[in-house]
Amino acid sequence: MKQQHAAHYRPDIDGLRSLAIVPILLLHCGVTSLRGGFIGVDIFFVISGYLITGIIVRELDQETFSLTQFYRRRIVRILPALAVMAAFTLLAGCLILLPNPLRDLGQSAAAVSVFASNIYFFATGDYFAQASELKPLIHTWSLAVEEQFYLFYPLLLLALRRLDRRRLIVILCCIGLLSFAIGGWLAAYQATAGYFLLPARIWELVLGALISLGFFPRLAHGFIRSALCLLAIAGILVCAVVTGSGWPFPVPFALPPTAAAAFLLAYAPGTSAAKLLSARIPRAIGLISYSLYLWHRPIVALYLAGRSYTLGWQDSLLLLMLSGIAATASYWLVEQPAQKRWRSGTGLKPHLSAAIGIVVWAAAGLAIAANADRIRHLPPKVSFVASYLGFEASPAGRRQFGTDRCFVIPTGKNYDPSCMTAAIDRPNVLLVGDSHAAQLSDALRQAMPNAHILQATAAGCRPLLSGQGLRRCRAIVDAAFHTTDSTKIGTVILAGRWFDADAEPLAQTVRFLKGRGFKVLIVGPVVEYDADVPEILARAMLAGDPGRILALRTIERERLDHKLAPIVKASGARYVSYLPIECPANRCRLFTATGAPLHMDQSHVTPELAQQMAQSIALANQR
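Here the structure is a predicted model, which means the values were calculated and not measured.

Cut-off values and rules
- Residues numbered from 1 in each chain as written.
- Predicted model: local features only at pLDDT ≥ 70, side-chain atom pairs only at ≥ 80, totals over all residues.
- Heavy atoms only, no water.
- Helix = DSSP H or I, 4+ residues; strand = E, 2+ residues; numbered from the N terminus.
- Buried < 20%, exposed > 50% of the residue type's maximum accessible area, 1.4 Å probe, protein only.
- Contact = heavy atoms within 4.5 Å.
- Lys, Arg positive; Asp, Glu negative; His and termini not counted.
- Charge placed at Lys NZ, Arg CZ, Asp CG, Glu CD.
- Pairing = 2+ DSSP bridges.
- Axes fitted to C-alpha atoms, helices over the stretch in contact; angles between N-to-C directions.
- Salt bridge = Lys/Arg side-chain N within 4 Å of Asp/Glu carboxyl O.

Details of the overall build of the protein
Argument step 1. The helix and strand inventory of the protein stands at 27 helices and 6 strands.
Argument step 2. In terms of its C-alpha atoms, the protein occupies a principal-axis envelope of roughly 85 × 50 × 40 Å.
Argument step 3. A buried classification covers 56% of the 623 residues belonging to the protein.
Argument step 4. Sequence separation of 24 or more characterises 80% of the internal contacts of the protein that already satisfy a separation of 6 or more.
Argument step 5. A distance of 5 Å separates the average location of the 58 positive side-chain charges in the protein from that of its 38 negative side-chain charges.

Brief notes about the sheet that holds strand 2 (residues 428-433)
Argument step 1. Taken in spatial order, the 6 strands line up as 1-3-2-4-5-6 in an open sheet, and their pairing is parallel. In the strand order of this sheet, the two ends are held by strand 1 (407-408) and strand 6 (574-576), each with one partner.
Argument step 2. Relative to strand 3 (residues 452-458), strand 1 is paired through 2 bridges, and the arrangement is parallel. Pairing of Phe407 across the sheet is with Thr457, part of strand 3.
Argument step 3. The strands touched by helix 22 (residues 471-482) are strand 1, strand 2, strand 3 and strand 4 (489-495); relative to strand 3, the strand with the most contacts, the crossing angle is about 145°.

Some words on the pattern of salt bridges
Argument step 1. Scanning all chains against the criterion turns up 21 salt bridges.
Argument step 2. The partner of Glu59 in a salt bridge is Arg73, with the nearest N and O atoms 3.3 Å apart. One end of the pair, Glu59, is in helix 2 (residues 39-61); the other, Arg73, is in helix 3 (residues 67-96), with 14 residues separating them in the sequence. As far as the burial class goes, Glu59 and Arg73 line up, both buried.
Argument step 3. For Glu147, the salt bridge goes to Arg74, with nearest N and O atoms at 2.5 Å. Of this pair, Glu147 sits in helix 6 (residues 141-159) while Arg74 is found in helix 3, placing the two residues 73 residues apart along the sequence. The exposure classification of Glu147 matches that of Arg74, with both residues buried.
Argument step 4. Each of Asp42, Arg201 and Glu204 takes part in one network of salt bridges that share partners.

Following this line, the structure appears as structure tokens:
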């Protein structure tokens, strides 16, 4: 495994860290033009694989490598700043958050303490999950991925220390290719798992490792290296602007930014790109990049609690300033003192302290989760409204949507084919669409007791012939359109979270279904708000002004309703609108007759409104 290692400090790597953290920071602080800012995490993975491999292999070559020393360095590098951030976030959460979000925060903090937050957010997240912007510790998933990797990676290198460099590279290439293949499969069938879990991310860390081992060919010509590295910087910036959150990720669309980072790590020294990255400001940002990453997300999440999700430029500036102050303080008061005091040495005190701290940390998080209703005690009426945060995950919510049987979510079970089996003793009605269709399924069964409701619904797949979505959900919608028997099914109901661009594809879909002999009924767009309704409504009730939530209503949905209605009717389908039910005479109701909110999040409706809508659909179907 003998090779040459660059043991000296490379200031351009700090500059590369700044190139990774700045898009993340700007995106989360409201600069939505950087919609692909999240690629910075992937760049951090490549940097980490490069640096850690260099350290381990160099020490193995010198026969000075120690597992206890390796984990001591990881503990000192990661835990102190992370623990301080988590403690602050838990304390602030107890003061700011409503009970359900506070409960989630406590549970996620416990998962963070044992570096399992990626597993926690995968297991608890779904199509409806509280917006990630409101989860103060969601960003720790990437730290969990890294630390899980470093549990086995040093052991692998230790076991392979007798191999020459070429064979080690071959083995790591095979591991990386296997991880990339797993990521590709998950991108098609289980996108959430591909994003959060280690198997689909290993290849990014291995890419950095391969650079450290000299896998990339040497380029002697300085001009070529400079040009390549400048193109790599430009490529990272372009990816931060154009990459979409709905694109398959990390495979294949994390490949361009990670490849660009790899080129910079391999070829930047001595080039104009290295001078650019080594400038004072990029270096300064890079030095505090870990603390910036730690602190910006809880600051943003806690700031957004009870506010519109849309941030103005003043909000963005304030959040950037607060994140910078917190990160600078963390770097100088926590990171640096911890490194100076505990990084060197041979004892196990840091390991024991970390173990004790993790137990206390996890216990505190679980205790807060168990006592969230006591910590944030609310008046009964407000508590009832706030309890609808996360309603979709409750037994009543799952029944409303038919979740994990007739409604498929990315983290859920496979679709039950019997949901599309027609009855022979009564009329059949087929409901097709995404979650905005599924939310009506149980209510339709109550409103149309003499009919058999077939349900073909999948998260993220609008019911269009040319619609997009994960392969698994598209298969369900396509089967509903192409394999169902029009002699057994009378009416097809299409509902979805429609967009302006859907108007003509929707008309084409209606004409196709009409051509197959179906009667078609279209459900218009749901009334939406620029925040989770139970959250904002509960806080407005505490302030004595429930009506202020109306200022957050998304007017564009009403305009879309008016646009779609004539197009749908011209194509030969019936059209049912939410507006006359929820917002008669343009005055939107806020509560059901029982005092519940009409929505469980930004748009999905609670059972009572679903029942009222289902009755309107039943009446329209009789005409």
